[in-house]
Amino acid sequence: MAAPVAAALADGRPVVALESTVFSRLGLPEGAGAEARRRADAALRAAGAVPALTIVLDGVARVGVDDAELPRVLAASRKVADRDLPVAVAQRWPAAATTVSASLALAAAAGIGVFATGGIGGVHRDFAATGDESADLAALARHPVVTVCAGAKSFLDLGRTLERLETLGVPVVGLGTDGGAFPGFWSRRSGGPVVPHDVSSPEEVVAVVRAARVLGYGGGVLVVTPVPEGDEVPFDELGPVVDAALAEAAAAGVFGGAVTPFVLGRIAAATGGRTVAANVALVEHNAAVAGAIAAALAQEDPNGRRQIRT
Ligand code: PSU
Ligand code: MN
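Residues numbered from 1 in each chain as written. Chains lettered and ligands numbered in written order. Predicted model: local features only at pLDDT ≥ 70, side-chain atom pairs only at ≥ 80, totals over all residues. Heavy atoms only, no water.

Caption draft 1: Geometry of the overall build of the protein chain. A tally of regular secondary structure across the protein chain gives 13 helices and ten strands. Here the C-alpha radius of gyration of the protein chain, 18 Å, is about what a compact globule of 310 residues would show, namely 19 Å. Referenced to the eigenvectors of the C-alpha coordinate spread, the extents of the protein chain come out at roughly 50 × 45 × 35 Å. Classification of the 310 residues of the protein chain by burial places 57% in the buried group. (Helix = DSSP H or I, 4+ residues; strand = E, 2+ residues; numbered from the N terminus. Rg over C-alpha atoms; globule rule 2.2 N^0.38 Å. Buried < 20%, exposed > 50% of the residue type's maximum accessible area, 1.4 Å probe, protein only.)

Given below as structure tokens:
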């Protein structure tokens, strides 16, 4: 664990974990990843929270990196989900970017109660044929961490993703949603699915977390908040672009963990980079929201991290 993260946790000050896949070439084009990381970092610090970026470097699972190590984070070309972590460590992988599921595992192990990402993985549209469902969903249910995201990526089956979260028992709350619409990652709405519950403030998220603990629920809470209005790419416009990208992935025989990076890249190219700008803006916004939640948690209890874990 990085020294500033350990010190903040020991003092009960707010800490927010970040994944690294979204900032790496697997999530965003070069330059945009660096900008997203910088803006997320600044948003967290403005909220009074210490950022804890997770990654595997030289076979060590890291929670928090220093600036000198950032180029290695951004250049990581391999991604690790939670089940890959033991292999990455045992085989001493040089640089492996964490997904949401791996980040949640590391955040929980470190005692960090809040995590920010862009969009979570979910149930893929071709699930019936491939069985492809992101490990992110099970990890959300397993670890006692609040995850802040802009929904799930809209090339997924969002209805089924929400159904799985219900089955897994993960509370899902919307903050600042567009009339209760489930956010569509690059878009504020996603054309149908609604968020199970809305909350009105970070403090209300903390109240949900506290109630969950009192009721004996040991898993995570998912907070969905839409991309800021001026930064979205409207859902109607994205529909055909997403369909074409998925068809290309199928035609190219892309499968497994390679699907998400491939499809993200095709959609970025087809929108002339507008989804990239939206992605950077929503990551920054999610970090600001996560920072506010972590600050509210720490204020409620000087040992905020323990409060969410017990
Ligand atoms: N959100 C983004 N960009 C990304 C991802 C999320 O804005 O690249 C990554 C996350 O790391 C997420 C992963 O956990 O995609 C899901 O991949 P898969 O579908 O293979 O589980
Ligand atoms: Mn998958």
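Caption draft 2: A look at the packing of helix H9 (residues 202-214) against helix H12 (residues 274-300). At a minimum axis distance of 8 Å, the contact between H9 and H12 shows a crossing angle of 60°. Between H9 and H12, the crossing angle belongs to the class labelled oblique. In this structure, H9 crosses over H12, and the sense of that crossing is right-handed. Here Pro202, Glu203, Val205, Val206 and Arg210 of H9 lie close against H12, whose contacting residues are Ala292, Ile293, Ala296, Leu297 and Glu300. In terms of residue class, the contact of H9 with H12 is made up of seven nonpolar, no polar and three charged. (Axes fitted to C-alpha atoms, helices over the stretch in contact; angles between N-to-C directions. Parallel < 35°, antiparallel > 145°, perpendicular 65-115°, else oblique. Left-handed = near helix turned anticlockwise from the far one by under 90°. Contact = heavy atoms within 4.5 Å. Nonpolar A, V, L, I, M, F, W, Y, C, P; charged D, E, K, R; others polar.)

Caption draft 3: Representation of the pattern of salt bridges. All told, the structure shown has 16 salt bridges when counted by the stated rule. A salt bridge links Arg72 to Asp58; its shortest N-O distance comes to 3.0 Å. Here Asp58 lies in the loop between strand S2 (50-57) and strand S3 (60-63) and Arg72 lies in helix H3 (residues 70-75), a separation of 14 residues in the sequence. Using a relative accessible area of 37% as the deciding quantity, one classes Asp58 as partly exposed. Connected via shared salt-bridge partners are Glu35, Arg39 and Glu284. (Salt bridge = Lys/Arg side-chain N within 4 Å of Asp/Glu carboxyl O.)

Caption draft 4: View of the packing of helix H5 (residues 100-110) against helix H7 (residues 135-142). The geometry of H5 relative to H7 is characterised by a closest axis approach of 8 Å and an angle of 20° between their N-to-C directions. Between H5 and H7, the angle falls in the class roughly parallel. Of the two elements, H5 crosses H7, and the hand of that crossing is left-handed. Where H5 abuts H7, its residues Val100, Ser101 and Leu104 lie against Ala135, Asp136, Ala139 and Leu140. Across the contact of H5 with H7, the residue classes tally to five nonpolar, one polar and one charged.

Caption draft 5: Region of interest: helix H11 (residues 259-270). With twelve residues, H11 ought to run about 16 Å at 1.5 Å a step, and its terminal C-alpha atoms sit 17 Å apart, in line with that. As for H11, its buried residues are in contact with strand S4 (79-80), helix H10 (235-251) and H12. Where H11 terminates, the next one or two residues include Gly272, which has phi positive at roughly 60°. (Expected span 1.5 Å × (residues − 1).)

Caption draft 6: Seen up close, H7. Buried within H7 we find Asp136, Leu137, Ala139, Leu140 and Ala141. Tucked into the core, H7 has its buried residues touching H5, strand S7 (146-149), helix H8 (158-168) and strand S10 (221-224). Put simply, Ser134 is the residue that caps the front of H7, since its side-chain oxygen is 3.0 Å from the backbone nitrogen of Asp136. (Polar contact = N/O pair within 3.5 Å; in protein donor to acceptor, adjacent residues only side chain to side chain.)

Caption draft 7: A look at the confidence of the model for the protein chain. Confidence along the protein chain averages 95 in pLDDT terms, with 97% of residues attaining 70 or more. Predicted confidence for residues 304-310 stays below pLDDT 50, and this span has 23 contacts to residues more than four positions away or in other chains. (pLDDT = per-residue confidence, 0-100.)

Caption draft 8: Seen up close, the site of ligand 1. The environment of ligand 1 is made up of 18 residues, and the closest members are Glu19, Lys79, Val100, Ser134 and Asp136. Here an oxygen atom of ligand 1 and a side-chain polar atom of Glu19 are 2.6 Å apart. Between an oxygen atom of ligand 1 and a side-chain N or O atom of Lys79, the distance comes to 2.8 Å. Burial of ligand 1 by the protein chains amounts to 95% of its free accessible area of 470 Å². Looking at the shell around ligand 1, its residues break down into four nonpolar, ten polar and four charged. (Near = heavy atom within 4 Å. Areas by Shrake-Rupley, 256 points an atom, 1.4 Å probe, with all protein chains shown as cover.)

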